[in-house]
Amino acid sequence: MDYNFLFNTKLSRQWQRIGTCKRTGVAAPLFSIYSKTSAGTGEFCDLRKLADWCVNCGFSIVQLLPMNDLGFDFSPYNAVSSFALEPMYLSLSKLKNVNKIKHRKKITGLRKCFSPEPGRINYDIKEEKLKLLRVIFDNDFREDNSELAAFTEKNKYWLRDYALYKVLREKHEEKKWEEWEEKYKNRDTEALNEFEKQNSGHINFYYWLQWQAYEQFADIKEYYIKKELLLFGDIPFLVSRDSADVWSNQNLFKLNLSSGAPPDMYFGNGQRWGTPPYNWEEIEKAGYRYLTDKLKFAENFYDMFRIDHFVGLLRVWTISLETPLETGGLYGKFDPENESIWEEHARKILDVIISSTEMLPCAEDLGTVPPQSGKILEDYGIPGIDVQRWKKNWNGDNEFIKSSEYRPNSVAVISTHDSSFLPVWWKYEAGTIDEILFKRLCGQINITGDEYNNIFYILYILCHFFHQY
């Protein structure tokens, strides 16, 4: 197929850089890509081995799950910073300006204690690795490190607030920023300056961690360039309520609301994520700096990036914090509410994104998708995502669509970051419906009580039978 039409879209500049040939690739979370030299989880240096494997397979794209600091709940999409990299991924043997011989015994001991094995990650590795990194920092940190100083100066637009947040959280016994002393919670300038002076050593530790992570990830990027591989990043649409971003930019978020998703066939009560939605009016007043700064930093590592929850650029489902948690996203509403401005709203944000980066955006256009979404992607030349299990003729015979009939400009995948693998879907999920949704639909036609229980039991037996045979 001739893909030259992409050069006549708003993403013409990015397509000229990437090229329009058909490509194949692999998506992976770094924590699962470990080697014999890793300590407990995948590390930056392990991405070299992934690159070599991809070249042997004929792949040219590597998509990574978010690389942001995960905090201690270890959710890639509930990051504590849109900028800071996850220090758990640091390769201890690749640290810069460090006497590795002096620390060899401790590094070897950590690897033995947290030897990677198939199965679940032992996330205790993060706390133990940070303890060892602090020992290394205390022994080897030098005030005259010009590379660290240059990195700190270049990235101070996010790095200072991030480091202050991390140290303040520790000083407040890991309580959320909304539970801190008022002077810190509300960012009193004098109080923060004084705290910074009194805790300069600890703050410098977080500067040093992020510099080390940056250096290792940037080195990986150079390796991928040599191998002619494209790195496909994942920038979460939202950040954790308890994050450096929200604490330092409180006016840019609607803190009385939670983001989520409306009820659908997979989630009968919808979803309530807990992340605060953006206050786009305030973000626009500030010249969209918060958005463009994220893209500027991500460009150090990625050739492409995934626009997480693309439909959220048109409107996002919001739930009042006063709504009971057990109702999920059932009693929410879209923001903005006025559907007539959704397209304009998304285009305004996308214009900022496209003019601010050389990276090629790809849209995760899944969930409850408004009709304007497809037209926007086509006009801009942004690839959408076509997931095999959901590509059906929904208004006809309900048969799966052939991959040759997917959208010309799309990323075709067999699963997503938050769905099951294909064999698991086929064995346990194909042909099923969310139980809460099924019960509510039955209630709407007065099938309740014992009648409902009997129907549910019969369907359960039938599903089990067909999956077995």
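The rules behind these values
Residues numbered from 1 in each chain as written. Predicted model: local features only at pLDDT ≥ 70, side-chain atom pairs only at ≥ 80, totals over all residues. Heavy atoms only, no water. Pairing = 2+ DSSP bridges. Helix = DSSP H or I, 4+ residues; strand = E, 2+ residues; numbered from the N terminus. Phe/Tyr/Trp six-rings, centres within 6.5 Å; stacked < 30°, edge-to-face > 60°. Buried < 20%, exposed > 50% of the residue type's maximum accessible area, 1.4 Å probe, protein only. Lys NZ or Arg CZ within 6 Å of the ring centre and 35° of its normal. Axes fitted to C-alpha atoms, helices over the stretch in contact; angles between N-to-C directions. Patch = residues over 30% accessible without salt bridge, like charges linked within 9 Å, V, L, I, M, F, W, Y side chains within 5 Å. Areas by Shrake-Rupley, 256 points an atom, 1.4 Å probe, with all protein chains shown as cover. Salt bridge = Lys/Arg side-chain N within 4 Å of Asp/Glu carboxyl O. 1 Å grid on protein atoms, 1.4 Å probe; cavity = no way out; pocket = protein on both sides within 12 Å on 5 of 7 lines; lining within 4 Å. Points joined across faces, edges and corners; volume = space filled by probe spheres on them. Nonpolar A, V, L, I, M, F, W, Y, C, P; charged D, E, K, R; others polar.

1. Digging into the sheet that holds strand E5 (residues 271-272)
The antiparallel open sheet is built from four strands, whose spatial order is E5-E4-E7-E8. Here the strands that pair on one side only, and so sit at the sheet edges, are E5 and strand E8 (333-335). Note that strand E4 (residues 257-261) and E5 share two bridges and pair antiparallel. Bridging from a neighbouring strand, alanine 261 pairs with glutamine 271 of E5.

2. Here we look at the packing of aromatic side chains
Under the counting rule described, the total for this entry stands at 35 aromatic pairs. On the basis of an interplanar angle of 55° and a centroid distance of 5.5 Å, the ring pair of phenylalanine 137 and tryptophan 208 is categorised as tilted. Within this pair, whereas phenylalanine 137 is found in helix H4 (residues 124-140), its partner tryptophan 208 is found in helix H9 (residues 200-226), the two being separated by 71 residues in sequence. By relative accessible area, which is 4% here, phenylalanine 137 ends up buried. Judged by its relative accessible area of 3%, tryptophan 208 falls in the buried class. On the numbers, 5.1 Å between centres and 65° between planes, the contact of tryptophan 158 with phenylalanine 297 is edge-to-face. Of the two residues, tryptophan 158 is situated in helix H6 (residues 156-171) and phenylalanine 297 in helix H12 (residues 289-298); the sequence distance between them amounts to 139 residues. The residue whose ring lies beneath lysine 296 is tyrosine 157, and the NZ or CZ to ring-centre distance is 4.3 Å.

3. Digging into the sheet that holds strand E9 (residues 360-363)
Reading across from one edge, E1-E2-E3-E6-E9 is the order of the five strands in this open sheet, with parallel pairing throughout. Strand pairing shows two members of the sheet lacking a second neighbour, strand E1 (25-28) and E9, which therefore form its edges. On average, each strand axis in the sheet is inclined to that of its neighbour by 25°, with strand direction left out of account.

4. Some words on a nonpolar patch on the surface
Together, Met265, Tyr266, Phe267 and Trp394 make up a nonpolar patch on the protein surface, roughly 400 Å² of accessible area in all. One can find phenylalanine 267 in the loop between E4 and E5. Taking relative accessible area as the criterion, phenylalanine 267 reaches 40% and is therefore assigned partly exposed.

5. Things to note about empty space enclosed by the protein
On inspection of all chains with the given rule, the structure shows three cavities of 30 Å³ or more. Its volume calculated, the largest cavity comes out at about 230 Å³. In terms of lining residues, the largest cavity is bounded by 17 residues, among which Pro236, Phe237, Leu291, Lys294 and Ile353 are the most central. Counting residues per element, the ones that place at least two in the lining of the largest cavity are helix H11 (280-285), H12, strand E6 (304-307) and helix H13 (342-356). Of the residues contributing to the lining of the largest cavity, the split by class is 14 nonpolar, no polar and three charged. Approximately 170 Å³ is the volume found for the second largest cavity. Looking at the second largest cavity, it is lined by 19 residues, and the ones nearest its centre are Asn68, Ser82, Ile235, Ala298 and Tyr302. Contributions of two or more residues to the lining of the second largest cavity are made by strand E3 (230-235) and H12.

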